[in-house]
Amino acid sequence: MNSIKIPQTQFPVADLIKNRWSARSFSPKEISTEQLKTIVEAASWAPSANNAQPWEFIVAQKGTASFDKIHGCLMPGNQPWTKHAAAFVVSVAKKHFEKEGNPLNPFAEHDLGLANATLLLQATTMGISGHVMAGFHQDQLRQLFNLNDLVKPMVVIALGYPDAAEKLEEPFKERELMPRSRKPVDEIIIDFSNN
Ligand SMILES: Cc1cc2nc3c(=O)[nH]c(=O)nc-3n(C[C@H](O)[C@H](O)[C@H](O)COP(=O)(O)O)c2cc1C
């Protein structure tokens, strides 16, 4: 456990939320099919507008052709450390409602974000770290997985059991050893009425 990543919060935030952080150093330990499906099911229990569940996931375990394809789509800054991830999940937003006329769902990306957050928290309870990345070539990934224009691959999530920061090369090692920070609560509350 990289305890430097567990923040001191201003208010009594739940341990599960404090314990989630975006690791880059992953151990060789595998994540099983059952565990990956558990993590994806957790994502599916997120709330969504009209319960439309506007999400789909590409799941790839290390050692598979899909894993290598996804890894090949990542930006250079994400490739060195993700090669040790145990799995990738690509979170895909379904842009249209499935109901009559297939109208645009303006909340699809928002709701996929909720699903991703739920996924990350489930993984955290299992001792698994998820690291969300937008740094990938979207068109390349679309092409490799035959994704049409009705969907949008939003992020790739690298999953794995966290390992020692010392195993990383720079600049990733330094980032792994950096404490996490957030804006103070009073800076993000823009209006608060309490009498
Ligand atoms: C939409 C999104 C895109 C991100 N893209 C990347 C990325 O391409 N590479 C990376 O190393 N981290 C990426 N991150 C991780 C953030 O840098 C990280 O969540 C943030 O610094 C806060 O750290 P924490 O998750 O440990 O609290 C991304 C996170 C999100 C939500």
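For the structure, check the block above.
Analysis parameters
- Residues numbered from 1 in each chain as written.
- Predicted model: local features only at pLDDT ≥ 70, side-chain atom pairs only at ≥ 80, totals over all residues.
- Heavy atoms only, no water.
- Helix = DSSP H or I, 4+ residues; strand = E, 2+ residues; numbered from the N terminus.
- Expected span 1.5 Å × (residues − 1).
- Contact = heavy atoms within 4.5 Å.
- Near = heavy atom within 4 Å.
- Polar contact = N/O pair within 3.5 Å; in protein donor to acceptor, adjacent residues only side chain to side chain.
- Areas by Shrake-Rupley, 256 points an atom, 1.4 Å probe, with all protein chains shown as cover.
- Phe/Tyr/Trp six-rings, centres within 6.5 Å; stacked < 30°, edge-to-face > 60°.
- Buried < 20%, exposed > 50% of the residue type's maximum accessible area, 1.4 Å probe, protein only.
- Lys NZ or Arg CZ within 6 Å of the ring centre and 35° of its normal.
- Pairing = 2+ DSSP bridges.
- Salt bridge = Lys/Arg side-chain N within 4 Å of Asp/Glu carboxyl O.
- Core = buried A, V, L, I, M, F, W, Y, C linked by side-chain atoms within 4.5 Å.

**Digging into helix 2 (residues 33–44)**
Taking 1.5 Å per residue as the helical rise, helix 2 with its twelve residues ought to reach 16 Å, and the 17 Å between its terminal C-alpha atoms agrees with that figure. Against strand 1 (55–61), strand 2 (87–94), helix 5 (108–125) and strand 4 (151–160) lie the buried residues of helix 2.

**Re the site of the ligand**
Looking at the ligand, there are 14 residues lining it, with Ser22, Asn78, His131, Arg180 and Arg182 nearest. At 3.0 Å, a side-chain N or O of arginine 20 approaches an oxygen atom of the ligand. A distance of 3.0 Å separates an oxygen atom of the ligand from a polar backbone atom of glycine 135. Coverage of the ligand by the protein chains reaches 59% of its 620 Å² of free accessible surface. Among the elements that take part in the shell around the ligand, strand 3 (residues 129–133) stands out by supplying three residues, more than any other.

**Brief notes about the packing of aromatic side chains**
For the structure on display, the rule yields two aromatic pairs. The interplanar angle of 35° and the centroid separation of 6.4 Å between the aromatic rings of phenylalanine 26 and tryptophan 81 together place this pair among those described as tilted. Taken as a pair, phenylalanine 26 in the loop between helix 1 (15–19) and helix 2 and tryptophan 81 in helix 4 (residues 79–82) lie far apart in primary sequence, 55 residues in all. Here phenylalanine 26 matches tryptophan 81 in class, with each residue buried. Ring geometry for phenylalanine 67 against phenylalanine 88: centres 4.3 Å apart, planes inclined by 20°, an arrangement best described as stacked. Of this pair, phenylalanine 67 sits in helix 3 (residues 65–73) while phenylalanine 88 sits in strand 2; the two residues are 21 residues apart in sequence, bridging distant segments of the chain. Of the residues examined, phenylalanine 88 reaches a relative accessible area of 0% and is grouped as buried. Taking NZ or CZ as reference, arginine 24 lies 5.5 Å from the ring centre of tryptophan 81, over its face. Above the face of the tyrosine 161 ring, lysine 29 is positioned so that its terminal group lies 4.2 Å from the ring centre.

**Considerations on helix 5**
Each α-helix turn comprises 3.6 residues. Residues three or four places apart therefore point the same way. With 18 residues, helix 5 extends 26 Å from end C-alpha to end C-alpha; this agrees with the ideal 26 Å at 1.5 Å per step. Of the surrounding elements, those touching the buried residues of helix 5 are helix 1, helix 2, strand 1, strand 2, strand 3 and strand 4. Just downstream of helix 5, glycine 127 is the residue with a positive phi angle, here 80°.

**Some words on the pairing of strand 3**
When you tally the buried positions in strand 3, you get four out of five residues, the bulk of the element. Examined bridge by bridge, strand 3 and strand 4 share five bridges and lie antiparallel to one another. Bridging across to strand 4, serine 129 finds its partner in glycine 160.

**Description of the pattern of salt bridges**
Counted according to the given criterion, the structure contains four salt bridges. Ionic pairing is found between glutamate 98 and lysine 94, a salt bridge with its closest N-O pair at 2.4 Å. Of the residues examined, glutamate 98 reaches a relative accessible area of 61% and is grouped as exposed. Through salt bridges with shared partners, a single ionic network connects Glu56, Lys94 and Glu98.

**Here's the deal with the nonpolar core**
Within the largest apolar cluster, 24 residues are counted, with the highest numbers of intra-cluster contacts made by Ile70, Phe88, Leu141 and Val156. In contact with phenylalanine 88, other than residues within four places in its own chain, are Ile58, Val59, Ala60, Phe67, Ile70, His71, Leu74, Thr82, Met133, Val156, Ile157 and Ala158. Listed in part, the 21 residues of the second largest apolar core include Leu36, Trp55, Ala123 and Ile157.

**What to know about the side chain of asparagine 78**
Structurally, the position occupied by asparagine 78 is in the loop between helix 3 and helix 4. You can call asparagine 78 buried: its relative accessible area is 15%. Look past the residues within four positions of asparagine 78 in its chain and what remains in contact with it is Met133 and Gly135.

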